[in-house]
Amino acid sequence: MRSVLQTLRDGGVVIYPTETLYALGCHGLSRDSALRVLRIKQRPEAKPLPLIIGAPDMLELVAEVVPDCVRALAEAFWPGPLSILVRACAEVPRPIRDSLGFVSVRCTPHPLAAALSRELHAPLVATSANFSGCPAAGRPEELDPDLIARADAALLAQPYPEGGAPSTLVMPHPDGRIQVLRHGAVPLSALHAQGFAFLDD
């Protein structure tokens, strides 16, 4: 893990496990590294890259402001596979934030991914470790050998990702309601159970 951490500090691109799938990532505040991720993945630059953090309080490194609704979502579901769209602070570069200035972020419960982020003192880019249009990987043997060869380092140690659905992506609105942009590992029933109302309720 130390060599992977050093690779991240040096601006490299790595493959590492998250709670859902293997991720292709880099230092989450490095524009040049993020562009390398896009090139390796063959992903359009117009499609922003998601971030993970290793602890809930690291959200301050990513978000310009943290509204009450975002704090409530984080307290209810983090660490866990809930990605929240927040307005990015100035340190988050394109192509990580979108054209409107938002970025997707979640706090990962995976011990290795969380440790990498905490040791780096920074968010990590966490797009799925596959070429665009190809299946995502939940086990080392499912990773494309060519993708591994193009990355600077790979952390394939256990615990492996749990697989299954990707993270659920939500966008909080100023009135406290949330919009579900991608259905995933956190079901709508769990959000309802915590008292969150949806934009179309």
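The structure we're discussing is the one just above.
Residues numbered from 1 in each chain as written. Predicted model: local features only at pLDDT ≥ 70, side-chain atom pairs only at ≥ 80, totals over all residues. Heavy atoms only, no water.

J.: Looking at this structure, I do not really get the sheet that holds strand 1 (residues 14-17). What am I missing?
T.: The strands making up a sheet are joined through hydrogen bonds of the backbone, oriented either antiparallel or parallel. Taken in spatial order, the 4 strands of this open sheet run 7-2-1-8, and their pairing is mixed. Among the strands making up the open sheet, the edge pair consists of strand 7 (127-128) and strand 8 (153-154). One ladder, built from 4 bridges, connects strand 1 with strand 2 (residues 22-25); its direction is antiparallel. Paired with Y16 across the two strands is A23, which belongs to strand 2. (Pairing = 2+ DSSP bridges. Helix = DSSP H or I, 4+ residues; strand = E, 2+ residues; numbered from the N terminus.)

J.: For this particular structure, what's the right way to read the layout of surface pockets?
T.: Any empty space left between the atoms is revealed when a probe the size of a water molecule rolls over them. A volume near 560 Å³ is recorded for the largest pocket. Along the wall of the largest pocket there are 29 residues; nearest its centre are R43, P50, A126, T127 and R182. For the lining of the largest pocket, the secondary-structure elements that each account for two or more residues are strand 2, strand 4 (82-87), strand 5 (102-107) and strand 7. For the lining of the largest pocket, the leading source of residues is strand 5, giving 4 residues. Within the lining of the largest pocket, the residues separate by chemical class into 14 nonpolar, 9 polar and 6 charged. The element that contributes the greatest number of residues to the lining of the second largest pocket is strand 4, accounting for 3 residues. Class assignment of the residues belonging to the lining of the second largest pocket gives a composition of 10 nonpolar, 2 polar and 1 charged. (1 Å grid on protein atoms, 1.4 Å probe; cavity = no way out; pocket = protein on both sides within 12 Å on 5 of 7 lines; lining within 4 Å. Points joined across faces, edges and corners; volume = space filled by probe spheres on them. Nonpolar A, V, L, I, M, F, W, Y, C, P; charged D, E, K, R; others polar.)

J.: Would you take a moment to explain the packing of helix 1 (residues 2-9) against helix 4 (residues 111-120) for this structure?
T.: In helix packing, the relevant descriptors are the interaxial angle and the interaxial distance, both defined with respect to the helix axes. Where helix 1 meets helix 4, the axes come as close as 10 Å, and the angle between the chain directions of the two elements is 50°. As far as their axial angle goes, helix 4 and helix 1 are oblique. The handedness of the crossing between helix 1 and helix 4 comes out as right-handed. Along the contact surface, helix 1 presents R2, V4, L5, L8 and R9, while helix 4 presents L116, E119 and L120. (Axes fitted to C-alpha atoms, helices over the stretch in contact; angles between N-to-C directions. Parallel < 35°, antiparallel > 145°, perpendicular 65-115°, else oblique. Left-handed = near helix turned anticlockwise from the far one by under 90°. Contact = heavy atoms within 4.5 Å.)

J.: So what exactly am I meant to see when it comes to the pairing of strand 4 here?
T.: On a regular strand, each side chain points to the face opposite its neighbour's, so the side chains alternate between the two faces of the sheet. The buried count for strand 4 comes to 5 of 6 residues, which makes it a mostly enclosed element. Where strand 4 meets strand 9 (residues 168-172), 3 bridges bridge the pair, whose relative direction is parallel. If you follow L82 over to strand 9, its bridge partner there is T168. Relative to strand 5, strand 4 is paired through 4 bridges, and the arrangement is antiparallel. (Buried < 20%, exposed > 50% of the residue type's maximum accessible area, 1.4 Å probe, protein only.)

J.: When you look at the nonpolar core in this model, what are you seeing that I'm missing?
T.: A general tendency of soluble globular proteins is for nonpolar side chains to be buried together. Core analysis: the largest hydrophobic core is formed by 48 residues, its most contacted members being L24, L73, W78, L82 and L191. Dropping the residues within four chain positions of it, L191 is found in contact with L73, F77, L82, V170, I178, V180, V186, F196 and F198. (Core = buried A, V, L, I, M, F, W, Y, C linked by side-chain atoms within 4.5 Å.)

J.: Can you walk me through unusual backbone geometry in this structure?
T.: What is expected of a backbone is that most residues other than glycine have negative phi and most peptide bonds are trans. For the bond from R94 to P95, the omega torsion is 10°, close enough to zero to count as cis. In this fold, P95 is placed in the loop between strand 4 and strand 5. Looking along the chain, the bond that leaves Q158 and enters P159 is cis, with omega of 5°. Mapped onto the elements of the fold, P159 is located in the loop between strand 8 and strand 9. One non-glycine residue, Q42, lies in the positive phi region at around 65°. Relative to the assigned elements, Q42 resides in the loop between helix 2 (31-41) and strand 3 (51-53).

J.: Would you mind showing me how to read the sheet that holds strand 5 here?
T.: Strand order in this open sheet of 6 strands is 6-3-5-4-9-10, and the pairing throughout is mixed. Looking at which strands have only one partner, the edges of the open sheet turn out to be strand 6 (124-125) and strand 10 (178-182).

J.: Would you take a moment to explain the environment of N130 for this structure?
T.: Counting through the fold element by element, N130 comes out in the loop between strand 7 and helix 5 (145-150). The spatial distance from the C-alpha of N130 to the C-alpha of A193 is 34 Å, given a sequence separation of 63 residues. Not counting chain neighbours up to four residues away, the residues in contact with N130 comprise K41, P135, A136 and L147. A polar contact is formed between the side chain of N130 and the side chain of S128, at a distance of 2.4 Å. (Polar contact = N/O pair within 3.5 Å; in protein donor to acceptor, adjacent residues only side chain to side chain.)

J.: So what exactly am I meant to see when it comes to the environment of M58 here?
T.: Checked against the element boundaries, M58 lands in the loop between strand 3 and helix 3 (68-77). Between the C-alpha atom of M58 and that of A122, which follows or precedes it by 64 residues, the distance is 7.6 Å. Not counting chain neighbours up to four residues away, the residues in contact with M58 comprise I53, S117, R118, H121, A122 and P123.

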